[in-house]
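# Structural overview
Residue-level listing of the chains:
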2 protein chains.
Amino acid sequence: MEQLRGACIIGQSGGPTSVINASAYGVIRTALDNPNITAVYGAAHGIKGVLGDKLYDMGKEDAKELELLLNTPSSELGSCRYKIADPDVDDTDYKRILEIFKKYDVRYFFYNGGNGIYLESNKISKYMQKVGYECRIMGVPKTIDNDLFGTDHCPGFASAAKYIATSCAEVYKDARVYDTGMVTVIEIMGRHAGWLAGAAALAGVVGCAPDLVYLPEVDFDMDKFLADVDAIYKKNGNCIVAVSEGIHYADGTFVSEAKTSATDGFGHAQLGGLAALLANIIKERTGSKVRGIELSLLQRCGAHVASRTDIDESFLAGKTAVEAAVAGETDKMVGFECTREGGKYTSKTKLFNLSEVANFEKKVPLEWINAEGNGVTQAFIDYALPLIQGDAKAPTEHSLPRFARLKKVLTNP
Amino acid sequence: MEQLRGACIIGQSGGPTSVINASAYGVIRTALDNPNITAVYGAAHGIKGVLGDKLYDMGKEDAKELELLLNTPSSELGSCRYKIADPDVDDTDYKRILEIFKKYDVRYFFYNGGNGIYLESNKISKYMQKVGYECRIMGVPKTIDNDLFGTDHCPGFASAAKYIATSCAEVYKDARVYDTGMVTVIEIMGRHAGWLAGAAALAGVVGCAPDLVYLPEVDFDMDKFLADVDAIYKKNGNCIVAVSEGIHYADGTFVSEAKTSATDGFGHAQLGGLAALLANIIKERTGSKVRGIELSLLQRCGAHVASRTDIDESFLAGKTAVEAAVAGETDKMVGFECTREGGKYTSKTKLFNLSEVANFEKKVPLEWINAEGNGVTQAFIDYALPLIQGDAKAPTEHSLPRFARLKKVLTNP
């Protein structure tokens, strides 16, 4: 493979995670150190930064600050939800990208994001091939949802899972402090896949499992749910429920959006989200004391309790993307191939074709969900537990998180 | 002072904290090691355990498990909200307490709780004096609300404050990831005192301060609030607001309970709490994207990110209570006297009379709140920052919290 010299751009896209910046750092550090890469640019807000010629010169950053990206949550370069058009319909954006690539002699583009970016990256790559501009394009995955095709798991999932399991363990202690019982409903992210809701069950490893866990892979039945809760509450005087935000009835309607008469009597959509809605329904039907807790953004930005395994693998994904691209690869996403035989976890990177990854959603296998549809099996625990191992060792200042403080020097101010 | 030999009881009361068990451990460990204390009993669910003769024999616990109480959130012995009557009106409970004290030769009673317990402890003490039963009674404080009279601060506050500041710093990163702006409202505990809401401002020490902070010490004005938010949103394209759950209008009505027409058009109380309510009002009035986050129980049970200073001081409060009682003290609460001159924090224990502590609520001084009533001053930061210092060093198992697992052997099964 011929050596390709030129600059690189890294962009970030979609919802942030605790470790997406660890991947970005993997790209940036490796690219800065690579003799074939002449300059490293960070696109402000993903592809929008490319289109708008808003590129940060990463070479002007302090090396120590860059390293702090390992423990800095959210997308430090800024994210976007902008979707470029199909090039056959409208190639305006593609022409502009080409213009910017030429302006800065960009020969490598690393896109750090979730499901949305793979098709997009693939389209850009195909356009560049069509117009004869040599450029290698790689996907660096992130998503707390863990729903990417092919890879064993996604960078970002494990840290969110660890936050969720830790919080569930702590709430377990808090929720049974009084001798008057309580039903606690914990709402967890994951619109279409139940990986994160299932992670609540990891708290069982330290004896603090939620009693019931509902995933969106299984249709939700309100009567069955209330009977489940009631049975446990009657037996234990207490019940902790973990629910995915994406639970839905058999007809596909999200429970969070369903206008049930049990909500406020007028069928108004609830502001407070699913946890509050379910807690209220339980209260009305069973009379028990209730508490709804929504883990909200905290689960995707709780970097102080991130998984070391996740941080290390996220960095490795970024590093591997650069090394593979320089070695001649293009149109690939870096994923992981893992084994867990005999409780021993091994992980190595593996390249997947962008076109294969795009537009698939990997859900929790049904055989990892119990027959009652209200919990996960040991197979799920065995899968997820190795991923959350290790201390984040996040740097602090005055005992508070010390995040990276980048200068973000624009090439075109 | 004559030596008093006999058993001791420790009870816990009120809402739990991340470090109340560190105080209980301070009592239990010190009492188990003290030759004058013949047995150490933990009352199940506070005074209700005494009344119901439900006492755990702490001498039967494994020493290592007991030590894990330092990092175990919530009230491990169980809490209660039971209020005993005034002895002049109804002395049934007092007779029963005396009966139990005599049965187990209890000469020391340590009550680990918040505002509610001091008057109660004092009444029990007076009753025992009246009937001529020698018994020393000490209050061991806890409350995330930090509203106890006399003491510089309360065990439990700092760890909740650290959780809040850490979470606010992380949300700060997450909330500005898109170039399309967002207003984020973070709801923080503290019904009558704004110490915890003020703690959100500690995130400013690492450059991640919320833009606006509203405390219940200042009357809330919705129009002023919306103007504040709008001004910042227009200037920065983004706004993070921290609000105490206890903010109220000038007439005393809690904002969370007020039925404004801006809520759902029908004046229904919102299920989702204050954050969702304010977020919705902001959305309706300004059209901005909004997100409401309620830190909920997590802020009082987030032991994995507890303050080491808080853990150490909480333990010390329990230890000091036992040592002082054995030395002859009674009817006292253990508090702290601190200095912060030149940025150097020193702390020592100090005893306060139970009768003085009872029924006062210490609020944030008005001079620590800015003139606009939407933030705290540097004096607040200087006060609170030393308290959150130091790593919790919480033990883990499979990278999840390893809490104490007590046998809880009842003396009267």
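Residues numbered from 1 in each chain as written. Chains lettered and ligands numbered in written order. Predicted model: local features only at pLDDT ≥ 70, side-chain atom pairs only at ≥ 80, totals over all residues. Heavy atoms only, no water.

The next subject is the pattern of salt bridges. One pass over the full model with this rule turns up 48 salt bridges over all chains. Of the charged contacts in the structure, one is a salt bridge between Glu329 of chain B and Lys332 of chain B, with a shortest N-O distance of 3.3 Å. On the basis of relative accessibility, which here comes to 29%, the residue Glu329 of chain B falls in the partly exposed class. Connected through shared salt-bridge partners, Glu65, Glu397, Arg402 and Arg405 of chain A make up one network. (Salt bridge = Lys/Arg side-chain N within 4 Å of Asp/Glu carboxyl O. Buried < 20%, exposed > 50% of the residue type's maximum accessible area, 1.4 Å probe, protein only.)

Attention shifts here to the relation of the copies chain A and chain B. The two copies are related by a screw operation: chain A maps onto chain B through 180° of rotation and 0.0 Å of translation along the axis, at an RMSD of 0.0 Å. Considering both components of the superposition, the chain copies are consistent with a two-fold axis. When the interface residues of chain A are mapped onto chain B, 100% of them again fall at the interface, so both copies present the same face. (Least-squares fit on C-alpha atoms with pLDDT ≥ 70 in both. Contact = heavy atoms within 4.5 Å.)

Take the nonpolar core next. Grouped together as the largest cluster of nonpolar side chains are 102 residues, with contacts concentrated most on Leu202 of chain A together with Leu202 of chain B. In this structure Leu202 of chain A touches Ala161, Ala165, Ile381, Ala384, Leu385 and Ile388 of chain A together with Leu400 of chain B, once residues within four positions along its chain are discounted. (Core = buried A, V, L, I, M, F, W, Y, C linked by side-chain atoms within 4.5 Å.)

Facing the 69 residues of chain A at the interface are 69 residues of chain B. Summed over both partners, the interface of chain A with chain B buries about 5,600 Å², with 61% contributed by carbon and sulfur atoms. Our count for the contact surface shared by chain A and chain B stands at 6 salt bridges. A salt bridge links Asp179 of chain B to Lys48 of chain A; its shortest N-O distance comes to 2.9 Å. Across the contact surface, chain A and chain B share 32 residue pairs in polar contact (both at pLDDT 80 or more). A total of 10 residues in the side of chain A that touches chain B trace back to one element, the largest contributor, which is helix H6 (residues 157-175) of chain A. Among the residues forming the side of chain A that touches chain B, the class breakdown is 33 nonpolar, 22 polar and 14 charged. (Buried area = accessible area lost by both parts, 1.4 Å probe. Polar contact = N/O pair within 3.5 Å; in protein donor to acceptor, adjacent residues only side chain to side chain. Helix = DSSP H or I, 4+ residues; strand = E, 2+ residues; numbered from the N terminus. Nonpolar A, V, L, I, M, F, W, Y, C, P; charged D, E, K, R; others polar.)

Right, let's talk about empty space enclosed by the protein for a bit. One pass over the full model with this rule turns up 1 cavity of 30 Å³ or more. Its boundaries defined by the atoms lining it, the largest cavity holds a volume of some 40 Å³. The class makeup of the residues in the lining of the largest cavity is 4 nonpolar, 2 polar and 2 charged. (1 Å grid on protein atoms, 1.4 Å probe; cavity = no way out; pocket = protein on both sides within 12 Å on 5 of 7 lines; lining within 4 Å. Points joined across faces, edges and corners; volume = space filled by probe spheres on them.)

Taken as a whole, the second largest pocket spans an internal volume of roughly 700 Å³. Lining the second largest pocket are 37 residues, with His304 and Asp391 of chain A together with His304, Val305 and Asp391 of chain B positioned closest to its centre. Breaking the lining of the second largest pocket down by element, the ones donating at least two residues are H6 and strand E13 (400-401) of chain A together with helix H6 (157-175) and strand E13 (400-401) of chain B. Top contributing element to the lining of the second largest pocket by residue count: H6 of chain B, with 3 residues. The residue inventory of the lining of the second largest pocket, partitioned by class, reads 17 nonpolar, 11 polar and 9 charged.

Turning our eyes to something else, we now look at helix H1 (residues 20-32) of chain A. All names here are of chain A. Given a rise of 1.5 Å per residue, 13 residues ought to cover 18 Å, and the 18 Å separating the end C-alpha atoms of H1 matches this to within 8%. With respect to burial, H1 is a largely interior element, 11 of its 13 residues being buried. Within the span of H1, buried status applies to Ile20, Asn21, Ala22, Ser23, Ala24, Tyr25, Gly26, Val27, Ile28, Thr30 and Ala31. Where the residues of H1 are buried, they touch strand E1 (6-12), strand E2 (37-43), helix H3 (63-67), strand E4 (106-113), strand E5 (136-141) and helix H11 (308-326). (Expected span 1.5 Å × (residues − 1).)

With that settled, consider the sheet that holds strand E2 (residues 37-43) of chain B. Residue and element names in this part refer to chain B. The sheet built from 7 strands is open, its strands ordered E3-E2-E1-E4-E5-E10-E11 with mixed pairing. Each edge of the open sheet carries a strand with a single partner, namely strand E3 (55-57) and strand E11 (346-353). Within this sheet the neighbouring strands show an average axis-to-axis angle of 30°, counted without direction. Here strand E10 (residues 332-339) pairs with E11 via 8 bridges, running antiparallel. By the bridge assignment for E11, Phe336 is matched with Thr349. (Pairing = 2+ DSSP bridges. Axes fitted to C-alpha atoms, helices over the stretch in contact; angles between N-to-C directions.)

Residues and elements named next belong to chain A. Ordered by their spatial adjacency, 7 strands build an open sheet running E3-E2-E1-E4-E5-E10-E11, and the pairing between neighbours is mixed. At either margin of the open sheet sits one strand with a lone partner, and together these are strand E3 (55-57) and strand E11 (346-353). Put simply, the sheet's adjacent strands are angled 30° from each other on average, direction ignored. Summarising the sheet, E1 and E2 pair through 4 bridges and their orientation is parallel. Bridging across to E2, Cys8 finds its partner in Val40. Where H1 meets the sheet, it contacts E1, E2, E4 and E5, and its direction lies at approximately 175° from that of E1.

Each α-helix turn comprises 3.6 residues. Residues three or four places apart therefore point the same way. Residues and elements named next belong to chain A. For helix H4 (residues 92-103), with 12 residues, the first-to-last C-alpha span of 17 Å sits near the 16 Å given by 1.5 Å per residue. Turning to H4, its buried residues number three or more, namely Asp93, Tyr94, Ile97, Leu98, Ile100 and Phe101. Buried residues of H4, seen end-on, are gathered within an arc of 165° and therefore sit on one face of the element. Turning to H4, the residues buried within the fold contact E1, helix H2 (47-51), E3, E4 and helix H5 (116-130). One or two positions beyond H4, positive phi appears at Asp105, with a value near 55°. (Arc of directions from axis to C-beta.)

Once that is clear, we can look at the pairing of E4 of chain A. Residues and elements named next belong to chain A. The buried count for E4 comes to 8 of 8 residues, which makes it a mostly enclosed element. As paired elements, E1 and E4 share 6 bridges and run parallel to each other. Residue pairing in the sheet places Ile9 in a bridge with Phe109 of E4. Summarising the sheet, E4 and E5 pair through 6 bridges and their orientation is parallel. Note on E5: the bridge partner recorded for Phe110 is Met138. The handedness of the E4 to E5 crossover, carried by H5, is right-handed. (Right-handed = clockwise from strand over helix to strand, strands pointing away.)

All names here are of chain A. Considering every residue of chain A, the mean pLDDT works out to 94; 96% of them sit at 70 or more. Counting interchain partners and residues more than four positions distant, the pLDDT-below-50 stretch residues 260-271 has 26 contacts. The ipTM value of the predicted complex is 0.96, and its pTM value is 0.96. (pLDDT = per-residue confidence, 0-100.)

Now for the pairing of strand E8 (residues 239-244) of chain B. Put simply, side chains in a regular strand alternate between the two faces of the sheet. Residue and element names in this part refer to chain B. In terms of burial, E8 is a largely internal element, 6 of the 6 residues being buried. Burial along E8 is two-sided: the residues Cys239, Val241 and Val243 and Ile240, Ala242 and Ser244 are all buried. Across 6 bridges, strand E6 (residues 183-188) lies against E8 in parallel orientation. Its bridge partner being in E8, Val183 is matched across the sheet by Cys239. For the segment spanning strand E7 (residues 212-214), helix H8 (residues 222-236) and E8, crossover handedness is right-handed.

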